[in-house]
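# A structural walkthrough
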Amino acid sequence: MSTDIKPRIRVPQGIKRGDVVEIKTLISHPMESGQRKDTDGKIIPRMIINRMSVALNGKQVFEARLEPAMSANPYLSFFLKCTQSGTLEFTWTDDNGGLYKASQALTVA
Amino acid sequence: MTSLLHLPRRSRGLNRRQAFAAIGTACAFAPVAAEATPEAARKLLGDLIKVAPKAGKVRIDAPEIAENGNTVPVTVTVDSPMSPTDYVRAIHVIADRNPQPGVASFMLGPDNGKAEVQLRMRMAESQNVIVVAEMSDGSAWTATREVKVTIGGCST
């Protein structure tokens, strides 16, 4: 299951210094809620992305702590005030300790 | 034997006032108890935020009727300048009729420039989405929005 987990990120282009831009993120993940039962009536154990964090040049700028009530393929968007160029690092952590990372250049004119 | 009528007037008045106060308290609490907000959601709120949140500053955008409870888009906006001295520290999203009340918590700061987050959540049935925003000055603000769900999205 964990082979097809793929993060996707959208950062706008042509950012000027001081712009406040929306950054959209999505990661494909089943987000097994721990409420569902399989065909034998046994509960499928919970397996969700429980944390997502974003750092710009090593400094955390956004963090989300997620619960099973998040939809599958959790989509999150947030805003960022762009004062410097750099690298945005995105990290997702799941219940099994899986770590998924993505990075995206942020270019501020 | 002294009957109640022989008690000094002042003392009787006090008793009556106390009685009214008691009725008033009962009425004030009655609607809360009858409201849909289940105990778990309120308890979680108490665990997350130590101060009593005031209504206002928070806007929740969500569909009035969500056909698919598996993925309900929710946008939360908090009225804040997001300056280094006055910003939103955290946004907590709670649902009051899901198997578990927690949905997500977001940690923000002045780097965000705008206190707005978007997410997609699951809803087991029609219920209230409750958002509480924690400010840098320690105050907390809240808003509630009802979403009707056609097909629940937790056990499917």
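The rules behind each value
Residues numbered from 1 in each chain as written. Chains lettered and ligands numbered in written order. Predicted model: local features only at pLDDT ≥ 70, side-chain atom pairs only at ≥ 80, totals over all residues. Heavy atoms only, no water. Helix = DSSP H or I, 4+ residues; strand = E, 2+ residues; numbered from the N terminus. Buried < 20%, exposed > 50% of the residue type's maximum accessible area, 1.4 Å probe, protein only. Contact = heavy atoms within 4.5 Å. Phe/Tyr/Trp six-rings, centres within 6.5 Å; stacked < 30°, edge-to-face > 60°. Lys NZ or Arg CZ within 6 Å of the ring centre and 35° of its normal. Polar contact = N/O pair within 3.5 Å; in protein donor to acceptor, adjacent residues only side chain to side chain. Pairing = 2+ DSSP bridges. Axes fitted to C-alpha atoms, helices over the stretch in contact; angles between N-to-C directions. Salt bridge = Lys/Arg side-chain N within 4 Å of Asp/Glu carboxyl O. UniProt positions renumbered as here; feature names shortened; annotations may be inferred. Core = buried A, V, L, I, M, F, W, Y, C linked by side-chain atoms within 4.5 Å. Buried area = accessible area lost by both parts, 1.4 Å probe. Nonpolar A, V, L, I, M, F, W, Y, C, P; charged D, E, K, R; others polar.

## Overview of the overall build of chain A
From N to C terminus, chain A includes zero helices and seven strands. Ordering the α and β elements of chain A from the N terminus gives β-β-β-β-β-β-β. Referenced to the eigenvectors of the C-alpha coordinate spread, the extents of chain A come out at roughly 60 × 20 × 20 Å. Scored against the burial criterion, the 109 residues of chain A give a buried share of 46%. When contacts within chain A are restricted to residue pairs at least 6 apart in sequence, long-range pairs at least 24 apart make up 56% of them.

## A short note on the packing of aromatic side chains
Scanning all chains against the criterion turns up three aromatic pairs over all chains. With a centroid separation of 5.8 Å and 20° between ring planes, the pair formed by Phe62(A) and Phe106(B) is classed as stacked. Highlighted residues: Phe62(A) in strand β4 (residues 59–66) and Phe106(B) in strand β6 (residues 102–107), drawn from two different chains. Here Phe106(B) falls in the buried class, since its relative accessible area comes to 0%. Pairwise contacts between aromatic rings join Phe62(A), Phe78(A) and Phe106(B) into one cluster. Over the ring of Tyr75(A) we find Arg120(B), and its NZ or CZ is 4.2 Å from the ring centre.

## Describing the side chain of Ser77(A)
Turning to its location among the elements, Ser77(A) is positioned in strand β5 (residues 75–81). According to the relative accessible area criterion, Ser77(A) is buried, its value standing at 1%. Of the polar contacts made by the side chain of Ser77(A), one reaches the side chain of Glu22(A); its length is 2.8 Å. Apart from the residues within four sequence positions on either side, Ser77(A) is in contact with Glu22(A), Ile23(A), Lys24(A), Glu116(B), Val117(B) and Gln118(B).

## Notes on the sheet that holds β5(A)
Strand order in the open sheet formed by six strands is β1(A)-β2(A)-β5(A)-β7(B)-β4(B)-β2(B), with antiparallel pairing between adjacent strands. Edge positions in the open sheet fall to β1 (7–10) of chain A together with β2 (58–61) of chain B, since each of these has one partner strand only. Taken over all neighbouring pairs, the strand axes of this sheet differ in orientation by 15° on average, direction set aside. Across four bridges, the pairing between β2(B) and strand β4 (residues 72–78) of chain B is antiparallel. Bridge pairing in β4(B) places Arg59(B) opposite Thr77(B).

## A look at the pattern of salt bridges
Considering all chains together, one arrives at 10 salt bridges over all chains under this definition. Arg36(A) is the salt-bridge partner of Glu32(A), the closest N and O atoms lying 2.7 Å from each other. Residue classification places Arg36(A) among the partly exposed positions, given a relative accessible area of 29%. As a salt-bridge pair, Asp47(B) and Lys43(B) come within 3.3 Å of each other at their nearest N and O atoms. Of this pair, Asp47(B) and Lys43(B) both sit in helix α2 (residues 39–48), separated by four residues, roughly a single helical turn. Three or more residues joined by partner-sharing salt bridges are found here, namely Arg51(A), Glu63(A) and Arg65(A).

## Points about the UniProt feature "domain: Sulphur oxidation protein SoxZ" (unreviewed entry) in chain A
As annotated by UniProt and renumbered to match this structure, "domain: Sulphur oxidation protein SoxZ" (unreviewed entry) occupies residues 10–103 of chain A. The span residues 10–103 of chain A is 0% helix and 49% strand, and its two end C-alpha atoms sit 11 Å from each other.

## Thoughts on the nonpolar core
Residue and element names in this part refer to chain B. Judged by nonpolar contacts, the single largest core of 59 residues is most densely connected at Ile91 and Phe106. Aside from chain neighbours lying at most four places away, what touches Ile91 is Val76, Val78, Ala104, Ser105, Phe106, Leu108, Val117, Val131, Val132 and Ala133. Among the nonpolar cores identified, the runner-up in size contains six residues, and Ala41, Ile49, Val132 and Ala140 belong to it.

## Let's talk about the interface of chain B and chain A
Counting residues at the interface gives 27 residues for chain B, matched by 29 residues for chain A. Overall, the association of chain B and chain A removes approximately 2,400 Å² of surface from exposure, summing both partners, and the carbon and sulfur fraction of that is 48%. Linking chain B with chain A are one salt bridge. Along the contact surface separating chain B from chain A lie 19 residue pairs in polar contact (both at pLDDT 80 or more). If you list the elements that add at least two residues to the side of chain B that touches chain A, you get β6 and β7 (116–121) of chain B. Tallied by class, residues from the side of chain B that touches chain A come to 11 nonpolar, 11 polar and five charged. Looking at chain direction, β4(A) and β6(B) are connected through four bridges and run antiparallel. Bridging across to β6(B), Glu63(A) finds its partner in Met107(B).

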